[in-house]
Amino acid sequence: TRNLRPLAEFVYNHLRPDGFALIGDPNRTTADAFDTIARHCDLTVELLAVEGADQDAKQAVCGRLFRLRPKAC
């Protein structure tokens, strides 16, 4: 949990105005507040659910993907 704000600030400080970042998370409860924290760091957040199988179909993949962009001025 302590890394959520530093991660959001890092992304904000390193994105170009027209850029975006993708952050994947396997549905850990410690990341539940990340979208709120990212919005407070002037990022727009699109949250996508991810489900499927890996390339070899040996293991299921389940989680979420945060798509982060700088807020428009």
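What counts, and at which threshold
Residues numbered from 1 in each chain as written. Predicted model: local features only at pLDDT ≥ 70, side-chain atom pairs only at ≥ 80, totals over all residues. Heavy atoms only, no water. Helix = DSSP H or I, 4+ residues; strand = E, 2+ residues; numbered from the N terminus. Buried < 20%, exposed > 50% of the residue type's maximum accessible area, 1.4 Å probe, protein only. Contact = heavy atoms within 4.5 Å. Lys, Arg positive; Asp, Glu negative; His and termini not counted. Charge placed at Lys NZ, Arg CZ, Asp CG, Glu CD.

J.: Is there a simple way to explain the overall build of the protein in this structure?
T.: Secondary structure summary: the protein contains 2 helices and 3 strands in total. When the helices and strands of the protein are read in sequence order from the N terminus, they spell out α-β-α-β-β. In terms of overall dimensions, the protein has C-alpha extents of about 45 × 25 × 15 Å along its principal axes. The proportion of buried residues among the 73 residues of the protein is 29%. Contacts spanning at least 24 positions in sequence make up 66% of the contacts within the protein whose residues lie at least 6 apart. Where the 10 positive side-chain charges of the protein centre and where its 10 negative ones centre are 4 Å apart.

J.: When you look at unusual backbone geometry in this model, what are you seeing that I'm missing?
T.: Trans peptide bonds make up most of the peptide bonds, and negative phi angles are found at most residues other than glycine. You will see that Asn27, though not glycine, has its phi angle at about 60°, which is positive. Looking at the secondary structure, you find Asn27 in the loop between strand 1 (21-25) and helix 2 (34-40). Using a relative accessible area of 38% as the deciding quantity, one classes Asn27 as partly exposed. Residues other than glycine seldom take positive phi values, yet Asp42 does so here, at roughly 65°. Mapping Asp42 onto the fold places it in the loop between helix 2 and strand 2 (43-53).

Keep in mind these values describe shape, not function.
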